Amino acid sequence: MNKLAGERQHGGGPITNPNWLELFPEPVKSILHQLPHHILSVVEEVRIREGRPLEINGAGSHHYVTGQSTLTLDADKAYKPQREVSRRLLDLISNHSLYTMEEELRKGFITIPGGHRIGLAGRTVLHAGHVEHIRDISGFNVRIAREVKGAADGILPFLIDREGNRIRHTLLLSAPQQGKTTLLRDLARQISSGLPGQGKSSLPGMKVGIVDERSEIAGCLKGVPSFDVGPRTDVMDACPKAEGMMMMIRSMSPDVLMVDEIGRGEDAESVTEALHAGITVVATAHAGGIEELKHRPALAGLIETGMFERYVLLKRKAQGLSCRILDQQHRPLQLQTGSQRGVNFLA
């Protein structure tokens, strides 16, 4: 059964207004608010395209939404937001001051409090051959950030070097929207907090540094994380990854350095610098597997030289998310699957 439109799993009736619904202007907010709990609980994206069907994505499927708050696969039956909705949405996400967000517009997305990221599409304005900003914005992809405590429960034991009392250098891999950032966030929380117990079952809390270029991992508001990333975690918010990693190394002396979506040459150089400085790196990257990584020039060197000791491969399947854990030689250690609350790995 389609998970997005399937049977209720958490009771009936509309969900108590989740805070991300406040991102939207009327009538979109009211339409979404009337959706049943089991649908709202798994929504990952809300796509607004001016004059075209309102769409929601989640649990590996997509649907259009009608003006009566029902789901359909028929685009002609869907509610179609018009220009006034686009204008009001821009006002809301920019706090009525779009000109103050020129840097975000240049990147093509805006990250707002709560870690929600809003991708933008429209007409680009160029300067010296480069994108200066986006105008006539008519497409919005609102990606809903969720905190899933316990997402890393089944993963963390495979990342711990018991003899060295440390976390192994780890790379989380998947296509977009498979749960990498959610998993990274919970790893930060657990590694920072430590694991209670005695002997091999325990792990002392460690200093964690997060370089959060897109403000998605910690969801900082005025520099303070809105997600629980642990008591011994420092966050460098809205900072380019490569530069932020070097700043963290110099200023905050982390035991574990975490960064989302590495891929450029300068990212690889900073990862290498951190590893040589004796700092554990836990990072994510877009790739379906090790072979894909080998074809990315910026990351191939990290793979070929065995920089990472663990690889965590995430992939969405019909029953939920599968997770393969590979060692430094790319040999499988464990296969786990989960199907609830986005990323939830079973032992």
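Further up the page is the structure itself.
Summary of the structure given here. None of the values given here were measured: they were computed from a predicted structure.

Some remarks on the overall build of the protein chain
What the protein chain contains, in helices and strands, is nine helices and 17 strands. Here the protein chain holds 347 residues, and 52% of them are scored as buried. Pairs at least 24 residues apart make up 58% of the contacts formed inside the protein chain by residues separated by at least 6 positions.

Regarding the side chain of T66
As for its position among the elements, T66 is in the loop between β3 (61–65) and β4 (71–72). Within polar-contact distance, the side chain of T66 engages the side chain of T70 at 2.7 Å. Apart from the residues within four sequence positions on either side, T66 is in contact with I31, T72, K77, A78 and Y79.

Here we look at the environment of K80
With respect to the helices and strands, the residue K80 is situated in the loop between β4 and α3 (83–93). On the accessibility criterion, K80 (29% relative accessible area) is partly exposed. Separated by 52 residues in sequence, K80 and V28 place their C-alpha atoms 9.6 Å apart. Not counting residues within four places of it along the chain, the set of residues in contact with K80 comprises G51, R52, P53 and A75.

Details of the packing of aromatic side chains
Within the structure shown, the criterion is met by two aromatic pairs. Between W20 and F24, the ring centres sit 6.4 Å apart and the planes meet at 80°, which makes this aromatic pair edge-to-face. Neither residue differs from the other here; W20 and F24 are each classed as buried. Just above the ring of F109 sits the side chain of R117; from NZ or CZ to the centre is 5.1 Å.

Definitions and limits used
Residues numbered from 1 in each chain as written. Predicted model: local features only at pLDDT ≥ 70, side-chain atom pairs only at ≥ 80, totals over all residues. Heavy atoms only, no water. Helix = DSSP H or I, 4+ residues; strand = E, 2+ residues; numbered from the N terminus. Buried < 20%, exposed > 50% of the residue type's maximum accessible area, 1.4 Å probe, protein only. Contact = heavy atoms within 4.5 Å. Polar contact = N/O pair within 3.5 Å; in protein donor to acceptor, adjacent residues only side chain to side chain. Phe/Tyr/Trp six-rings, centres within 6.5 Å; stacked < 30°, edge-to-face > 60°. Lys NZ or Arg CZ within 6 Å of the ring centre and 35° of its normal.

In short, geometric facts, not functional conclusions.
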